[in-house]
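What follows is the residue order along each chain.
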Amino acid sequence: MTDATDAELRGRFSSANANIEPDIMAELKSIMRLHSIDTQELWYKWESYSMKMGSDDMKLNIDTARALKESIQSGLERENRNKAHVQSSGKRGGAAPRNIVSGSDVFGMLDGLVPNTPGAGSTSKVSSSIKRRPHETPSTSRVKAELGSSPPTFKSPYKSGERNGQPISFNERTNAGQEVEVLNQHLAISDPPIAPYSQSRIRLVANSDIKKLSYKPLAMKSSEASEILDDRIDEFMALIQGYHKLEDSQFGNAASQSINEIVAVGRIASDSLEGKLNASSLVLETSRRMGGGLRIPLRLQSLPGFQFFPGQVVAMRGINSSGTEFTVSEILEVPLLGGAASAPANLEAHVQRLKGDPDAMEDGSDPAPLNILLGAGPYSADDNLDFEPLHALCSQAADTYADALMLTGPFIDIDHPLIASGDFELPQEAMIEMDTITMSTVFKYMISPILNQLVSANPHITIILVPSVKDAISKHVSWPQEPFPRQGLGLPKAVKIIGNPMVLSLNEISVGISSLDVFTELRHEEVLGGSPKDTSLLARLPKYVIEQRNFFPLFPPSDRKTLFKTGTAEEIPAGAMLDVSYLKLGEMANVRPDLMIIPSYLPPFAKVVESVVVVNPGYLSKRRGAGTYTKLTIHPYSMTVEEKGSKTMIGHKVFERARVDIMRI
């Protein structure tokens, strides 16, 4: 390892240890050598390990470095054992099974570390004598104070006296306001105005049809679902044919034996019912129109590298001379959607709107940039329902007179242990509705007052709420998901409830937003080989979404048992809850969004991928402590003289004028 690597490690791990000692540095280098990973991937594994240990600010010392090394090695050994159980023969038929069941966790490191049985003699935080379904009326009994599961069976790297995974009070949180990551740091942050703006500076337009999201859930037919999946392959074939200017005769059935080279379009799948997708189990699933729906094993030795995930629609050039496998010589590029653009007159109108006061429109000075705050649920730690992180974020929006506040669900989380048990205390003012209390009542008296207080302090703010499949107040339990009804919630008029996912316009800025965590599931299910085209994980995952033109291109989704455990008695999260018959509603509009917001369990990040500003704001509250939020500062578009006189559409170039600050709440 070079001195440059030492400097890179010190820079990346500075927040965990400002002065890395030689023995710690040696351990980090040893991990990088053993597993052939770079500094960024090592930092990602450290962040994942910290989250697994229940600490947001774990310090890097020799004990934690060795524990990280042991955890990574154990995960690798488990993955190898799982692969050994996957039996693959040299001749695999074309009608391989279609579903995937994975026995490993998201990062391959959690098996055996998180307990499944209650600790002997421990007292449950949620009363064990009251067994309610998540949607039953909550009781008014007080919350117990102790945790309900046995401690993990590993040796903790914390020293005596340190907080080894216990919930941390929100008021006792450390590093509040600390920057986690900054994108476009060279762009300035404007000072907040002295007083609120006299009118809203945002014009909100929905670019997706919200009415189509109001379909009937839990009514999916397998015939309809298969047709949707087939149509997606055929649509991509037409796109690839036009982009690469291919003749109809160049396309063929990858499952049919032939001595001629063809271009085959299909969906990546696995030939195994068990185990994670790997290079040996890769098959290409054809559409019924082009290949009778058959699956054919893929031979990829001729490729310098590849990166696939289940459900990915790909185009491959190759040959099937044996009739048993398709030998791939080239992977054809999938065309991207065009970038968002506007007419010069519309851009000028949006710039004038940013000036706010009509009297200031003749002023030659540039208007203040848009100030947008992003927060993602859950909004309370596992031991309470005080919603203190949401209070803090709304106070920030009020103090800075933010133009918009975008909040994604879950708001009342079905995976929250207190919500799941119904054993929590309601505010006193809710007692007047004792006979009719529902989860909407909980929202009305616990969340709506926070938003009403914000609107009182900042009257012209635009508040956008995005539901989640884990929201207890939403009767629409599948994704894509309609907005939850606002009736009876006591929300102010400034609040707009949109669908999940949704593409909308904030002035000229096209924003794509989804509360479903696709990044974690893609990270778990993807398979890499050779030298992948995209080496950066946090750039590769958003690119999958952008290339596939869908906010959840993974199919089938990850097994719920492989996702991060929750604090409920069952410990199994809700999962993706896909309604395959309506997956088309999860597609992007006719253009690539300027800004894509997808909250994820992965470490928060902000990156520019294919000219799209991709933001994972992180969760505002984690299970045992405070989380992160994001502040967007978007400067107005400055048109040149030539552009003002042009009659052509002008690209928004938001990636050049948007500053993204990810902060600890």
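Definitions and cut-offs
- Residues numbered from 1 in each chain as written.
- Predicted model: local features only at pLDDT ≥ 70, side-chain atom pairs only at ≥ 80, totals over all residues.
- Heavy atoms only, no water.
- Helix = DSSP H or I, 4+ residues; strand = E, 2+ residues; numbered from the N terminus.
- Buried < 20%, exposed > 50% of the residue type's maximum accessible area, 1.4 Å probe, protein only.
- Contact = heavy atoms within 4.5 Å.
- Areas by Shrake-Rupley, 256 points an atom, 1.4 Å probe, with all protein chains shown as cover.
- Axes fitted to C-alpha atoms, helices over the stretch in contact; angles between N-to-C directions.
- Nonpolar A, V, L, I, M, F, W, Y, C, P; charged D, E, K, R; others polar.
- Core = buried A, V, L, I, M, F, W, Y, C linked by side-chain atoms within 4.5 Å.
- Phe/Tyr/Trp six-rings, centres within 6.5 Å; stacked < 30°, edge-to-face > 60°.
- Pairing = 2+ DSSP bridges.
- Salt bridge = Lys/Arg side-chain N within 4 Å of Asp/Glu carboxyl O.
- Parallel < 35°, antiparallel > 145°, perpendicular 65-115°, else oblique.
- Expected span 1.5 Å × (residues − 1).

## Remarks on the overall build of the protein
Per the secondary structure count, the protein includes 15 helices and 26 strands. Burial analysis of the protein (665 residues in total) assigns 55% to the buried set. Across the protein, contacts joining residues at least 24 apart in sequence account for 75% of those joining residues at least 6 apart. Surface exposure of the protein reaches about 29400 Å², of which carbon and sulfur atoms provide 49%.

## Topic: the packing of helix α10 (residues 439-446) against helix α11 (residues 448-457)
Running from N to C, α10 and α11 cross one another at 35°; their axes reach a closest spacing of 4 Å. Within the contact between the two elements, α10 uses Phe443, Lys444, Tyr445 and Met446 and α11 uses Ser448, Pro449 and Ile450. Residues that form the contact of α10 with α11 fall into these classes: five nonpolar, one polar and one charged.

## Considering the nonpolar core
Among the nonpolar cores identified, the biggest contains 47 residues, and Phe387, Leu407, Ile412, Phe443 and Leu465 are the most heavily contacted of them. For Leu465, the residues in contact, after removing those within four places along its chain, are Leu407, Phe411, Phe443, Leu451, Phe484, Leu491, Val495, Lys496, Ile497 and Ile498. Formed by 33 residues, the second largest nonpolar core is a distinct cluster that contains Ile546, Phe551, Ala576 and Ile598.

## Concerning the packing of aromatic side chains
Under the counting rule described, the total for this entry stands at 12 aromatic pairs. Between the aromatic rings of Phe411 and Phe443, the centroid separation amounts to 6.0 Å while the plane-to-plane angle is 80°, which identifies the pairing as edge-to-face. Pair noted here: Phe411 is in the loop between β12 (404-408) and α9 (417-421) and Phe443 is in helix α10, with a separation of 32 residues, a long-range link. Of the two residues, Phe411 and Phe443, both sit in the buried class. On the basis of an interplanar angle of 55° and a centroid distance of 6.0 Å, the ring pair of Trp479 and Phe552 is categorised as tilted. A residue pair is termed long-range when its members are at least 10 positions apart, and Trp479 in the loop between β13 (462-466) and β14 (495-497) and Phe552 in the loop between α13 (537-548) and β18 (591-592) qualify at 73 residues. Both residues of the pair, Trp479 and Phe552, count as buried. Site record: aromatic cluster; members linked through ring pairs are Tyr379, Phe411, Phe443 and Phe484.

## Overview of the pairing of strand β15 (residues 502-506)
Burial analysis of β15 places five of its five residues in the buried class, the great majority of the element. Residues of β15 alternate between two faces, with Met502, Leu504 and Leu506 on one and Val503 and Ser505 on the opposite face, all of them buried. Of the strand pairs in this sheet, strand β2 (residues 204-206) and β15 are connected by three bridges, and their pairing is antiparallel. Bridging across to β15, Ala206 finds its partner in Leu504. Sheet topology note: the β15/strand β16 (residues 509-513) ladder contains five bridges and is antiparallel.

## A few points about the sheet that holds β16
Taken together, six strands build an open sheet; the order of strands is β2-β15-β16-β19-β21-β20 and the sheet is mixed. The open sheet has two free edges, formed respectively by β2 and β20 (605-609), since each of these has just one partner strand. Between one strand axis and the next, the sheet turns through 25° on average, direction left out of account. Lying on the sheet, α13 is in contact with β19 (595-597), β20 and β21 (612-616); it crosses β20 at an angle near 55°.

## Concerning the pattern of salt bridges
Throughout the structure, instances matching the rule amount to 21 salt bridges. Between Arg288 and Asp230 there is a salt bridge, with the nearest N and O atoms lying 2.5 Å from each other. Taken together, the residues Arg288 in helix α6 (residues 288-291) and Asp230 in helix α5 (residues 222-244) connect sequence positions 58 residues apart. By relative accessible area, Asp230 is classed as buried at 10%. As a salt-bridge pair, Glu285 and Arg295 come within 3.0 Å of each other at their nearest N and O atoms. You can see Glu285 sitting in strand β4 (residues 282-285) and its partner Arg295 sitting in strand β5 (residues 295-299), a full 10 residues away along the chain. Taken together, the shared-partner salt bridges connect Arg232, Glu235, Lys584 and Glu587 into one network.

## Quick look at the environment of Pro304
Within the element layout of this structure, Pro304 appears in the loop between β5 and β6 (305-308). Excluding residues that lie within four positions of it along the chain, Pro304 makes contacts with Gly530 and Ser531.

## Considerations on the packing of helix α12 (residues 518-525) against α13
α13 packs onto α12 with a crossing angle of 105° between their chain directions and a minimal axis gap of 10 Å. Taken together, the axis directions place α12 and α13 in an arrangement best described as roughly perpendicular. Across from Val518, Phe519, Leu522 and Arg523 in α12, the residues of α13 making contact are Leu537, Leu541, Pro542, Tyr544 and Val545.

## A look at α5
Between its terminal C-alpha atoms α5 stretches 33 Å, which fits the 33 Å expected from 23 residues at 1.5 Å a residue. Restricting attention to buried positions, one finds in α5 the residues Ala225, Leu229, Asp230, Arg232, Ile233, Asp234, Phe236, Met237 and Ile240. Those residues of α5 that are buried are in contact with β3 (262-270), β4, α6, β7 (313-319), β8 (326-332) and α13. Following α5 by one or two positions, Lys245 adopts a phi angle in the positive range, close to 55°.

## Regarding the sheet that holds β4
An order of β3-β4-β5-β8-β7 is seen for the five strands of this closed barrel, with the pairing classed as mixed. Here the strands of the sheet are splayed against their neighbours by 60° on average, with no regard to which way each runs. In this sheet, β8 lies alongside β7 in antiparallel orientation, the contact comprising five bridges. Residue Ile319 lies in a different strand from β8, and its bridge partner there is Thr327. Together, β3, β4, β7 and β8 form the strand contacts of α5, whose direction differs from that of β3 by roughly 140°.

## Regarding unusual backbone geometry
Excluding glycine, a negative phi dihedral is what most residues carry, and trans is how most peptide bonds are arranged. At the junction of Gly409 and Pro410, the peptide bond is cis and its omega measures out at 10° in the coordinates. Of the consecutive residues Asn500 and Pro501, the connecting peptide bond is found in the cis state with omega at 5°. Here Pro501 shows up in the loop between β14 and β15. The backbone of Phe387 sits at a positive phi, close to 55°, despite the residue not being glycine. Classification of Phe387 by relative accessible area gives buried; the value is 2%. Unlike most non-glycine residues, Arg549 shows phi in positive territory, near 60°. Secondary-structure assignment places Arg549 in the loop between α13 and β18. By relative accessible area, Arg549 is classed as buried at 14%.

## As for helix α8 (residues 388-399)
Here α8 is 12 residues long and its end C-alpha atoms lie 16 Å apart, about the 16 Å a rise of 1.5 Å per residue gives. Within α8, the full set of buried residues consists of Pro389, Leu390, Leu393, Cys394, Ala397 and Ala398. On its buried side, α8 packs onto β11 (370-376), β12, α11, β22 (621-622) and β24 (628-634). Among the residues trailing α8, Tyr401 stands out with phi positive, at a value near 50°.

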